[in-house]
Amino acid sequence: MKLTVVGTGYVGLVTGACLAEVGNDVLCLDLDAAKIATLEAGGIPIYEPGLQEMVQRNVAAGRLSFTTDVARAVNFGEVQFIAVGTPPEEDGSADLSHVLAAAQSIGEHMTGFRLVVDKSTVPVGTADKVRETIDDALRARGTKHEFAVASNPEFLKEGAAVEDFMKPDRIVIGTDSDRATQILRELYAPFQRNHERLVLMDIRSAELTKYAANAMLATRISFMNEMANLAERLGADIEQVRKGIGADPRIGYHFLYAGCGYGGSCFPKDVRALRHTAQESDVPLRVLEAVDLANAAQKQVLVNKLVARLGNDLAGMRLAMWGLAFKPGTDDMREAPASEVLEALWSRGASVVAHDPSAMAEARRVHGVRADFTLVDDPMAALEDADALLILTEWKVFRSPNFEAMKRSLKQPLVFDGRNLFEPQKMRELGFEYFPIGRGGV
């Protein structure tokens, strides 16, 4: 099948590469010439395990190509995936300008039937706007072409996106067109040979499903973080609580880890966008308001612990930081807890020496070159002469360090662990002052 993917960001590039991997001919469109040049040269603009190799393999096979030519892209694929960004507006709503611009271009250049598939995370009702935009563009041209619109939201985890696409747990499709259903069923057949994974529904339900899924996961995280704060005050251990409630099959173990808050491009944005949609419909989502507030507070918990131990004036102190990305397996720092912690430490006069396996270039882009921010290639090098270590991301490489070397490198053996990587009792036995999240009972 010939497919066009509009957008070569996180969702678009993964979608295009994975669909090419199963034999489709895919053309990815992006108006950013520099990004297209990077892709054509064999690079990729994001870090995602396994993605670069897949892109290079399918480019070499002739199944995956890239362009900035809008007319060429619209006339290439019968199926047009819209996978552009929907950044948040100041009021929390999703900015649909890129989505509707893509729809406008399709309407202006299409010469035959097109199935337009919203892959971006968009508010309920966006498919209607896409349809209206295409209709208006065709009317302005004085021509008529049949087309259909479908919602096919992505459920990709950063750091595991390729695997999630190739082995999906569900494929949600919202459409009111039998022709669209048949095309998408054929397109996704290679991904569900083991058993049926298609979940068919109306368009508005599909649009809401994506937001509801991310809001539910964010809710679990904020709930466990608040339970962790309470457990710490009561002398209980959140890890034992996690195991106790996770054993209930109605709850399960996923997304029950306490920490220093969630970040990234999805959960914060989608929780706020869903709240905005609800407000416009005069349906207050009080739970999600609390989720958002709890997460904002949780990003300060590690700083509060450090200030309680070292004082509010950190002038002259050198602090080590392990982890900058919002989660392991990515270089994404959008709304990462590390960024808020950095700003809080700098505002109190501290300097920071940090290491992250993938996000250091992104950290430099986000925070710039500054005298109080040093990036090092070795996590142990960050500890040299540091007054304390703060752990913000649970990269595997941080889980089994040389503890004796850590003690020798740090000025004082202080570890503030925002991801609960180590066992408190073991850390005390090794001579560390250890400050995890919610582990008051051990």
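Small disclaimer: the values here were computed from a predicted structure and weren't measured.

Taken together, the side chains of Phe223, Met227, Leu230 and Leu234 define a hydrophobic patch exposed on the protein surface, amounting to about 390 Å² of accessible area. With respect to the helices and strands, the residue Met227 is situated in helix 9 (residues 203-234).

Here we take up the pairing of strand 8 (residues 198-201). Of the pairings in the sheet, the one linking strand 7 (residues 171-175) to strand 8 comprises four bridges and is parallel in character. Looking at the pairing, Ile173 lines up with Leu200 of strand 8.

This part takes up the side chain of Gln192. When you line up the elements, Gln192 lands in the loop between helix 8 (178-187) and strand 8. The class for Gln192 is buried, based on a relative accessible area of 10%. A polar contact of 3.3 Å, which involves the side chain of Gln192, links it to the backbone nitrogen of Leu198.

What the eight strands build is an open sheet, ordered 3-2-1-4-5-6-7-8; its pairing is mixed. The two strands at the open ends of the sheet, each matched to only one other strand, are strand 3 (64-67) and strand 8. In this sheet, adjacent strand axes meet at a mean angle of 25° when their direction is disregarded. Across the sheet, helix 9 lies against strand 5 (114-118), strand 6 (147-151), strand 7 and strand 8, angled at about 145° from strand 7, the strand it touches most.

Note on placement: Thr175 falls in strand 7. Distance from Thr175 to Asn152, taken between C-alpha atoms, is 8.8 Å for residues 23 residues apart in sequence. When sequence neighbours within four positions are dropped, the list of residues in contact with Thr175 reads Val149, Ala150, Ala180, Thr181, Met201, Asp202 and Ile203. One polar contact links the side chain of Thr175 to the main-chain amide nitrogen of Ser177, over a distance of 3.1 Å.

Right, let's get into the pattern of salt bridges. If you walk through the whole model with that rule in mind, you get 28 salt bridges. Its salt-bridge partner being Arg131, residue Asp176 comes within 3.6 Å of it at the nearest N-O pair. Taken together, the residues Asp176 in the loop between strand 7 and helix 8 and Arg131 in helix 6 (residues 126-141) connect sequence positions 45 residues apart. Its relative accessible area of 60% is what places Asp176 among the exposed residues.

Our focus in this paragraph is helix 10 (residues 238-246). Of all the positions in helix 10, only Ile238, Glu239, Arg242 and Gly246 are classed as buried. Relative to the axis of helix 10, the buried residues are bounded by an arc of 105° and lie together on one face. Opposite its buried face, helix 10 presents the exposed residues Gln240 and Gly244, each directed more than 90 degrees away. Near the N-terminus of helix 10, the side chain that reaches the backbone nitrogen of Glu239, with its oxygen 3.1 Å away, is that of Asp237.

So, how was this worked out
- Residues numbered from 1 in each chain as written.
- Predicted model: local features only at pLDDT ≥ 70, side-chain atom pairs only at ≥ 80, totals over all residues.
- Heavy atoms only, no water.
- Patch = residues over 30% accessible without salt bridge, like charges linked within 9 Å, V, L, I, M, F, W, Y side chains within 5 Å.
- Areas by Shrake-Rupley, 256 points an atom, 1.4 Å probe, with all protein chains shown as cover.
- Salt bridge = Lys/Arg side-chain N within 4 Å of Asp/Glu carboxyl O.
- Helix = DSSP H or I, 4+ residues; strand = E, 2+ residues; numbered from the N terminus.
- Pairing = 2+ DSSP bridges.
- Buried < 20%, exposed > 50% of the residue type's maximum accessible area, 1.4 Å probe, protein only.
- Polar contact = N/O pair within 3.5 Å; in protein donor to acceptor, adjacent residues only side chain to side chain.
- Axes fitted to C-alpha atoms, helices over the stretch in contact; angles between N-to-C directions.
- Contact = heavy atoms within 4.5 Å.
- Arc of directions from axis to C-beta.

Purely spatial values, then, with no claim about function.
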